[in-house]
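Working through the structure, step by step
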Amino acid sequence: MSTVIHGTVAPGFEPVRAAFEAAFADKPDMGGALAIRHRGAAVVDLWGGTADERTREPWADDTLGVIFSCTKGLVSILAARLVQEGRLDYEALVTDYWPEFGAAGKAGTRVKDLLSHRSGVSAPRAVLSTEDVLDWDRVVAELAAQEPLWEPGTGYAYHAITHGWLVGEVIRRVTGLSVGQYFARLIAEPLHVDAWIGLPAALHDRVAHLQVGSTLAQLTAQQAAARTPGEVDWSERAMTLGGAFAPELVTPTGGFNSAAVQAAEIPGAGGIATARGLAAIWSATVVPTDGVLLLDEGVVSRATAVQTEGAPVWNVPGPWPRWGMGFQLDSEARRYLGPQGFGHDGAGGQCAFADPQFGVGFAFVTNQMEAIDDVRATRIVDALRGVLAE
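Residues numbered from 1 in each chain as written. Predicted model: local features only at pLDDT ≥ 70, side-chain atom pairs only at ≥ 80, totals over all residues. Heavy atoms only, no water.

1. What about the overall build of the protein?
Stated formally: Secondary structure is summarised from DSSP: a helix means a run of H or I of at least four residues, a strand means a run of E of at least two, and numbering begins at the N terminus for each. Our radius of gyration is a C-alpha quantity, and the globule rule it is checked against amounts to 2.2 Å times the number of residues to the power 0.38. Throughout this description, buried means an accessible area under 20% of the type-specific maximum (1.4 Å probe, protein chains only), exposed means over 50%, and partly exposed covers the range between. Note on areas: Shrake-Rupley, 1.4 Å probe, and residue coverage restricted to the protein chains presented here. Counting rule applied: Lys, Arg positive; Asp, Glu negative; His and chain ends not counted. Where a charge sits is defined by one atom per residue type, namely NZ (Lys), CZ (Arg), CG (Asp) or CD (Glu).
Helix and strand content of the protein: 13 helices and 14 strands. The C-alpha atoms of the protein give a radius of gyration of 19 Å, which matches the 21 Å a tight globule of 390 residues would have. Dimensions of the protein, computed from C-alpha atoms along their principal axes, come out at roughly 55 × 45 × 40 Å. Burial status across the protein gives 58% buried among its 390 residues. Just so you have it, the protein exposes about 14,900 Å², and 51% of that area is on carbon and sulfur atoms. In the protein, 29 positive and 45 negative side-chain charges are present, and the distance between their average locations comes to 3 Å.

Right under this line is the structure:
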């Protein structure tokens with residue numbers, strides 16, 4: 001039985017709807033949403049499937065999704081706006097804003113190193129618990145004090161969760177606001193969108209229940225079997241923080257399914273939004289959208305210059321992504337509409353980005369988490385590229 005899809009598409013965008021419908025094939029428990037802005041106008045607004053496989057509650061037009069590392073893209077927008085306003089300098093030392101971070105050999109680390117995964121603090125040396133990661137001050141103090149895993153600026157490894165605390169603390173030092181507060185003030189409130197870094201507790205029931213798909217379960221099992229006993233796998237530690245999260249980032253009631261985790265400000269992975277809200281945000285980075293333009297062309301050009309590409313410091317198989325100043329760029333690992341696209345994808349299949357050439361803001365959100373070679377969002381992007389080419 002095929003999944004019922006709700007919502008609308010503008011004339012000409014029917015192939016995008018077909019690609020969205022195809023994403024649900026052979027996934028009876030999946031829920032998801034897709035939203036696209038073109039030149040500021042909403043041209044795709046679709047949703048369907050199951051928001052909670054335990055109760056069979058359907059995905060509604062206002063269902064919220066955990067967007068995982070798409071949150072890094074939102075935090076990178078905040079940093080870029082501060083650069084645009086002259087309040088932050090990508091080339092400055094982190095210690096110019098956060099003096100404590102210079103401890104243990106990190107004094108030469110620059111803001112751009114934090115953003116582009118080159119800081120040497122991709123994972124904590126200490127084992128962190130779930131209780132620890134709910135305490136912002138506890139985590140940032142730990143990261144500031146630790147010795148880097150490699151010399152900052154000389155190589156990179158994906159800062160899966162620590163990225164948000166590192167960049168978020170710089171934002172807090174500059175603005176006097178938490179990253180979630182600054183996000184609300186600069187972005188969510190002016191655009192009137194449903195998006196949070198730190199979800200109000202009263203909204204937890206609107207969040208889709210996350211489930212681990214078969215390909216993600218197989219991948220994490222294979223990775224666990226390949227580890228050498230007694231040696232720290234720093235790529236795994238970057239995801240789990242030692243004990244705070246499962247390798248898949250969720251359990252039926254824990255990890256990012258937990259109300260406490262969703263309410264905390266964990267800006268490396270904990271953003272929560274509707275696809276509709278995310279698409280509006282990314283649209284507003286490149287074209288005026290609902291009366292808001294977040295970034296100018298000059299800072300977008302600076303923020304999307306390649307900072308990081310190629311093989312990381314750990315032995316992680318390719319293809320490898322590319323990053324600018326926190327923004328994930330078009331690459332073999334994540335194809336957008338073209339070489340100017342910038343945004344960030346997220347664990348389990350989430351994808352959100354902007355394209356200045358086409359004036360597009362795009363967001364796909366799902367609660368059925370699959371592995372890194374998941375093609376659901378890729379095929380939707382391919383369909384959109386074909387529509388725009390015509």
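2. Looking at the pattern of salt bridges
This is how it is decided: By salt bridge we mean one thing: a side-chain nitrogen of Lys or Arg within 4 Å of a carboxyl oxygen of Asp or Glu.
Inspection of every chain in the model, using the stated rule, returns 20 salt bridges. E169 is paired through a salt bridge with R173; the nearest N and O atoms lie 2.7 Å apart. With E169 and R173 both in helix 6 (residues 162–175), this residue pair falls 4 residues apart, about one helical turn. In this structure E169 comes out as buried when scored by relative accessible area, which is 0%. The class of R173 is partly exposed, set by a relative accessible area of 32%. One connected set of salt bridges, linked through shared partners, spans E100, E169, R172 and R173.

3. Considerations on the pairing of strand 12 (residues 350–355)
Keep this limit in mind: Two strands pair if DSSP finds at least two bridges between them.
The element strand 12 is extensively covered by neighbouring structure, given that 6 of its 6 residues are classed as buried. Both faces of strand 12 are covered, namely the face carrying Q350, A352 and A354 and the face carrying C351, F353 and D355. Judged from the 5 bridges that link them, strand 11 (residues 342–346) and strand 12 form a sheet pairing that is antiparallel. Residue pairing in the sheet places D345 in a bridge with C351 of strand 12. Between strand 11 and strand 12, which pair antiparallel in sequence order, lie 3 residues; one of them, G348, sits at a positive phi of approximately 85 degrees. Across 5 bridges, strand 12 lies against strand 13 (residues 360–366) in antiparallel orientation. Among the inter-strand pairings, C351 is bridged to a residue of strand 13, identified as F364. Counted along the chain from strand 12 to the antiparallel partner strand 13, the turn is 4 residues long, and its residue G359 has a positive phi close to 65 degrees.

4. Observations concerning the environment of A80
Stated formally: Whether two residues touch is decided by their heavy atoms; if any such pair falls within 4.5 Å, the residues are in contact.
As for its position among the elements, A80 is in helix 2 (residues 70–84). Separated by 10 residues in the primary sequence, A80 and Y90 place their C-alpha atoms 8.8 Å from one another. The residues touching A80, leaving out its near neighbours within four places in the chain, are Y90, L295, V299, A303 and F327.

5. Observations concerning the sheet that holds strand 6 (residues 195–196)
Taken together, the 3 strands give an open sheet; going across it, the order is 5-8-6, and neighbouring strands pair in antiparallel fashion. Single-partner strands in this sheet number two, and they are strand 5 (65–68) and strand 6. In this sheet, strand 8 (residues 271–273) lies alongside strand 6 in antiparallel orientation, the contact comprising 2 bridges. For A195, the partnering residue across the bridge sits in strand 8 and is A273.

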